[in-house]
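Geometric and topological summary
Listed here are the chains, written in short residue letters.
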Amino acid sequence: MAAEEGKIDPMYQFEVQTIFDGFSLGGQQIGLTNSAVWMCFAVLVLFLFMRGGMKRELVPGRWQLMVEGFTGFIDNMVDANVGPEGKKYAPYVFALFMFILFSNVLGLLPVGVLGLHPFTVTSHLTVTGVLAIISFSIVLIVGFAKHKLHFFSLFIPHGTPIPMIPFIFVVELLSFLVRPFSLALRLFVAMTAGHILLKVLAGFVINSANAGAGFGLFVGLPSFTLMIGISALELLVAVVQAYVFALLTSLYINDAVNLH
């Protein structure tokens, strides 16, 4: 339970709960969970946001300006990191950025949806891992399709002394293979740590209020003030982490596209 005998479990918010059992497929139960619901909710909100801003009015309104601002921001980032050939990958990077951004922000809602408590899907390594693996797979597919076996030259920096090539190749290859794990872990850790801290502070506020006016004044009030500051910081982290994930993805694509 989230709260038992006055105690608040900060990990309860990350628990994946089955809403609908669904059906069995190959011995595995396929059902609907709160994680799936919040992912669908993030996609729905993102769709409505994009749909409302694509009116193509001659004099754009605020909504259209926001959508154009996001699309222009990602397009410029991809163009700066990948170059002219990056145009074809801009839609993927944009979709990745917006999905992570909306998932992060919706996870900070103070109230739930349809009776479900707010759930940050990017606080689960399975979700961030799948996103990282998809990005990494695109890099591999594009790299080998465009450069064939010459793609392995990515792991041998120009000017490397011949005796050092085997050692440098292994180091660079391992560094390259670690990329999807570091990409997934960075987002997962950032979102999980912030939400745990917020839940702990919320526990201080609730328990101090129940303990009496004295505790509420000397413990609850500072905790509530700090909670507001951390919430603002978490909102910033939600945006920054979405940007970092998209930025690193565009840099990895650049390695595959502009291999020398």
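Residues numbered from 1 in each chain as written. Predicted model: local features only at pLDDT ≥ 70, side-chain atom pairs only at ≥ 80, totals over all residues. Heavy atoms only, no water.

Remarks on the overall build of the chain
- Helix and strand counts for the chain stand at six helices and four strands.
- For the chain, the succession of helices and strands along the chain, N to C, is β-β-β-β-α-α-α-α-α-α.
- With 260 residues in all, the chain has 36% of them scored as buried.
- Considering only contacts in the chain between residues 6 or more positions apart, those separated by 24 or more positions represent 67%.
- Summed over its atoms, the accessible surface of the chain is roughly 15000 Å², and 73% of this surface lies on carbon and sulfur atoms. (Helix = DSSP H or I, 4+ residues; strand = E, 2+ residues; numbered from the N terminus. Buried < 20%, exposed > 50% of the residue type's maximum accessible area, 1.4 Å probe, protein only. Contact = heavy atoms within 4.5 Å. Areas by Shrake-Rupley, 256 points an atom, 1.4 Å probe, with all protein chains shown as cover.)

What about the packing of aromatic side chains?
- This model, assessed by the stated rule, comprises 14 aromatic pairs.
- Measuring from centroid to centroid gives 5.9 Å for phenylalanine 49 and phenylalanine 70, while their planes differ by 75 degrees, and the two rings are edge-to-face. Of this pair, phenylalanine 49 sits in helix 1 (residues 34–52) while phenylalanine 70 sits in helix 2 (residues 62–82); the two residues are 21 residues apart in sequence, bridging distant segments of the chain.
- For phenylalanine 49, a relative accessible area of 11% gives the class buried.
- You can call phenylalanine 70 partly exposed: its relative accessible area is 24%.
- With a centroid separation of 6.1 Å and an interplanar angle of 75 degrees, the aromatic rings of phenylalanine 151 and phenylalanine 176 are classed as edge-to-face. In this pair, phenylalanine 151 is assigned in the loop between helix 4 (125–147) and helix 5 (165–211) and phenylalanine 176 in helix 5, connecting sequence segments 25 residues apart. With respect to class, phenylalanine 151 is no different from phenylalanine 176; both count as buried. (Phe/Tyr/Trp six-rings, centres within 6.5 Å; stacked < 30°, edge-to-face > 60°.)

Observations concerning the confidence of the model for the chain
- Per-residue confidence for the chain averages 83 on the pLDDT scale, and 87% of its residues sit at or above 70.
- When pLDDT is averaged over each element of the chain, helix 3 (residues 90–106) comes out on top at 93 and strand 1 (residues 3–4) at the bottom at 46.
- Confidence over residues 1–5 falls short of pLDDT 50; this stretch has seven contacts with residues more than four positions distant or in other chains. (pLDDT = per-residue confidence, 0-100.)

Brief notes about the pattern of salt bridges
- A complete count under the given rule lists three salt bridges for this structure.
- Residue aspartate 75 is joined to lysine 87 by a salt bridge in which the shortest nitrogen-to-oxygen separation is 3.1 Å. In this pair, aspartate 75 sits in helix 2 while lysine 87 sits in the loop between helix 2 and helix 3, placing the two residues 12 residues apart along the sequence.
- Residue lysine 87 is classed as partly exposed on the basis of its relative accessible area, which comes to 46%. (Salt bridge = Lys/Arg side-chain N within 4 Å of Asp/Glu carboxyl O.)

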